[in-house]
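The chain contents come next:
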Amino acid sequence: MNNLNINAKIGIFSYNELNSEEKLLIDNAKEATSRSYSPYSEFSVGAAVRLSGGEIVTGSNQENVAYPSGLCAERTAIFYANSQHPGRAVEALAVAAFTKGDFTENPVSPCGACRQVILETELRYRQAVKIYLYGKSKIYVIDGIKDLLPLAFDSL
Ligand code: THU
């Protein structure tokens, strides 16, 4: 028997170690938490995507009393970006979460469904999406979805 060992590279940064473009994207994700509709979980998630050309589009989680009908912040942002700017590549994504009166101490990581959508975005635009996961004590920086979704579905 052999093993397939999978490694994920995740950089750990403080806010001040990031450049101004990265800080701006994170600031937008944090601000987007204020537009969350999350009366059921009381967990407000914000996402910001930077498109080729530099434009930033944000989204937030939108819940529903029929729970599975709600949508995460990441997919809200990506689907909105694709529907408003279908030809523009998604270069980077930042995610932040606010609950119980403050931003989370630790980074919030995208759910499996959002990872699958980020993968599709990379394939569609043929470029990696750089991912910033914000937490008050540390920020995870990931070069692309392969580090969050190893062994992804591939129909070939
Ligand atoms: N949620 C997101 O929007 N993004 C994530 O990465 C994790 C979870 C939302 C879904 C739900 O509205 C709430 O957070 C609690 O799970």
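Above this text you will find the structure in question.
Rules of the game
Residues numbered from 1 in each chain as written. Predicted model: local features only at pLDDT ≥ 70, side-chain atom pairs only at ≥ 80, totals over all residues. Heavy atoms only, no water. 1 Å grid on protein atoms, 1.4 Å probe; cavity = no way out; pocket = protein on both sides within 12 Å on 5 of 7 lines; lining within 4 Å. Points joined across faces, edges and corners; volume = space filled by probe spheres on them. Helix = DSSP H or I, 4+ residues; strand = E, 2+ residues; numbered from the N terminus. Near = heavy atom within 4 Å. Polar contact = N/O pair within 3.5 Å; in protein donor to acceptor, adjacent residues only side chain to side chain. Areas by Shrake-Rupley, 256 points an atom, 1.4 Å probe, with all protein chains shown as cover. Sits in = over half its atoms within 2 Å of the grid points. Nonpolar A, V, L, I, M, F, W, Y, C, P; charged D, E, K, R; others polar.

Comments concerning the layout of surface pockets
Line of reasoning, step 1. Approximately 300 Å³ is the volume attributed to the largest pocket.
Line of reasoning, step 2. Around the largest pocket sit 19 residues that line it, and Ser41, Asn61, Glu63, Leu71 and Cys72 are the ones nearest its centre.
Line of reasoning, step 3. Going through the elements one at a time, strand 2 (43-51) and helix 2 (73-84) are the ones with two or more residues in the lining of the largest pocket.
Line of reasoning, step 4. With three residues, the top contributor of residues to the lining of the largest pocket is helix 2.

Overview of the environment of Ala32
Line of reasoning, step 1. Checked against the element boundaries, Ala32 lands in helix 1 (residues 20-32).
Line of reasoning, step 2. Between the C-alpha atoms of Ala32 and Leu151, which are 119 residues apart in sequence, the distance is 31 Å.

Considering the site of the ligand
Line of reasoning, step 1. Taken together, Ser41, Phe43, Val45, Asn61, Glu63, Cys72, Ala73, Glu74, Val108, Ser109, Pro110 and Cys111 make up all the residues around the ligand.
Line of reasoning, step 2. A distance of 2.9 Å separates an oxygen atom of the ligand from a polar atom in the side chain of Asn61.
Line of reasoning, step 3. A distance of 2.9 Å is found between an oxygen atom of the ligand and a backbone nitrogen or oxygen belonging to Ala73.
Line of reasoning, step 4. Notes on the ligand: free accessible area 370 Å², of which the protein chains cover 75%.
Line of reasoning, step 5. The cavity that encloses the ligand is the largest pocket.
Line of reasoning, step 6. At the level of elements, strand 2 and helix 2 are the ones that each hand at least two residues to the shell around the ligand.
Line of reasoning, step 7. Of the residues contributing to the shell around the ligand, the split by class is seven nonpolar, three polar and two charged.

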